[in-house]
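# Tertiary structure, described
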Amino acid sequence: MRMVAIPREINFMKVGAVAAFLLVATLVVAIASFESLSGANPRTETAEFLDDVSDNKKFVIALVWLFAFSALLLVPYSLGLYYGLRRWGESYMRVAVLFAVLAAMLSVLGTAPMATFTAYILPAWDEAGDEATRAILLSDAKALAWASDVMFAMFSVTISIAAITASLVMLRLGQRFWSVVGWIGIASGVLGIIGAFFLAAEAFETVDNISSILGFIWILGSGVGLWRLSEAETAAA
């Protein structure tokens, strides 16, 4: 029987780079698909949102799994960053990984109310035959939407701290590419912390959206950087 050759060690930098590309692609698809379902805010315009998405239960379930998958991708991505950048600031990278893993956990917890919303609220909303039942379901749906948004606000703070910490290390590499990526990460992180207050005022939602766009660019940039670092190490070996 022919044995399959596998690498002696895992190349965490390349794994992190691939995870970075998949993470951005997954989030872009998930967010764009979610926004296309309804123009209503699930937290403030709950009844309108329920009416819009009640006919797409299976699609919403798929989106919940997609968001959960994106959260899991944060782990190999952060490990890739750690292995790629630790020589320029290991203590900083340990902090970055810690907050990235915490962010992944909060993101998964944030999808739990979404799953309950999809599995219980949507079918019951379709079958509700009186206003009293609908009022109870509407109250439950609002509570779940608030719970999910609170988790994602906490996620925004933790992932922003991870991005800022890792970006400070990127600036120490002394390369133009990494410096640009690092400053983008710092800007994204600072705006992400400010934007996490979107629950308090709608104006912060715009800040949060800008932070997300910069965050996607930062993740893609760091993914490209990790791949290049891995190739350079392979060539030097």
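The notes below deal with the structure included here. (Residues numbered from 1 in each chain as written. Predicted model: local features only at pLDDT ≥ 70, side-chain atom pairs only at ≥ 80, totals over all residues. Heavy atoms only, no water.)

### Description of helix H1 (residues 12-37)
We apply this condition: Strands here are runs of E lasting at least two residues and helices are runs of H or I lasting at least four, both read from the DSSP assignment and numbered beginning at the N terminus. Working rule for helices: expected span equals 1.5 Å times residues minus one. Only protein chains enter the calculation, and the probe is 1.4 Å; a residue is then buried if its accessible area is under 20% of its type maximum, exposed if over 50%, and partly exposed in between.
Here H1 spans 37 Å end to end across 26 residues, near enough to the 38 Å set by a 1.5 Å rise per residue. Within the span of H1, buried status applies to Met13, Gly16, Ala17, Ala19, Ala20, Leu23, Val24, Thr26, Leu27, Ala30, Ser33 and Leu37.

### Observations concerning the packing of helix H5 (residues 131-171) against helix H6 (residues 176-195)
Our working definition: Helix axes use the C-alpha atoms of the stretch in contact, all axes being lines fitted to C-alpha atoms, and the angles between their N-to-C directions lie in the range 0 to 180 degrees. When an angle is under 35 degrees it counts as roughly parallel; over 145 it counts as roughly antiparallel; between 65 and 115 it counts as roughly perpendicular; any other value is oblique. Should the near helix be turned anticlockwise from the far one by less than a right angle, the crossing is left-handed, and should it be turned clockwise, the crossing is right-handed. Whether two residues are in contact is decided by their heavy atoms, any of which lying within 4.5 Å being enough. Ten residues, namely Ala, Val, Leu, Ile, Met, Phe, Trp, Tyr, Cys and Pro, are considered nonpolar, four, namely Asp, Glu, Lys and Arg, are considered charged, and the remaining ones, Gly among them, are considered polar.
Where H5 meets H6, the closest approach of the two axes is 8 Å, and the angle between their N-to-C directions is 155°. Considering the angle they form, H5 stands roughly antiparallel to H6. The handedness of the crossing between H5 and H6 comes out as left-handed. Contacts from Ser156, Val157, Ser160, Ile161, Ala163, Ile164, Ser167, Leu168, Met170 and Leu171 in H5 reach Trp178, Ser179, Val181, Gly182, Trp183, Gly185, Ile186, Ser188, Gly189, Val190, Gly192 and Ile193 in H6. Of the residues that constitute the contact of H5 with H6, the class distribution is 13 nonpolar, nine polar and no charged.

### Concerning the side chain of serine 156
What counts here: Polar contacts, as used here, are pairs of N or O atoms within 3.5 Å; protein pairs need one atom able to donate a hydrogen and one able to accept it. Residues neighboring in sequence count only if both atoms are side-chain atoms.
Along the polypeptide, serine 156 turns up in helix H5. Polar side-chain contacts of serine 156 include one of 3.0 Å to the backbone oxygen of glycine 192. Excluding its chain neighbours within four sequence positions, the residues that come into contact with serine 156 are Gly192, Ala196 and Asp208.

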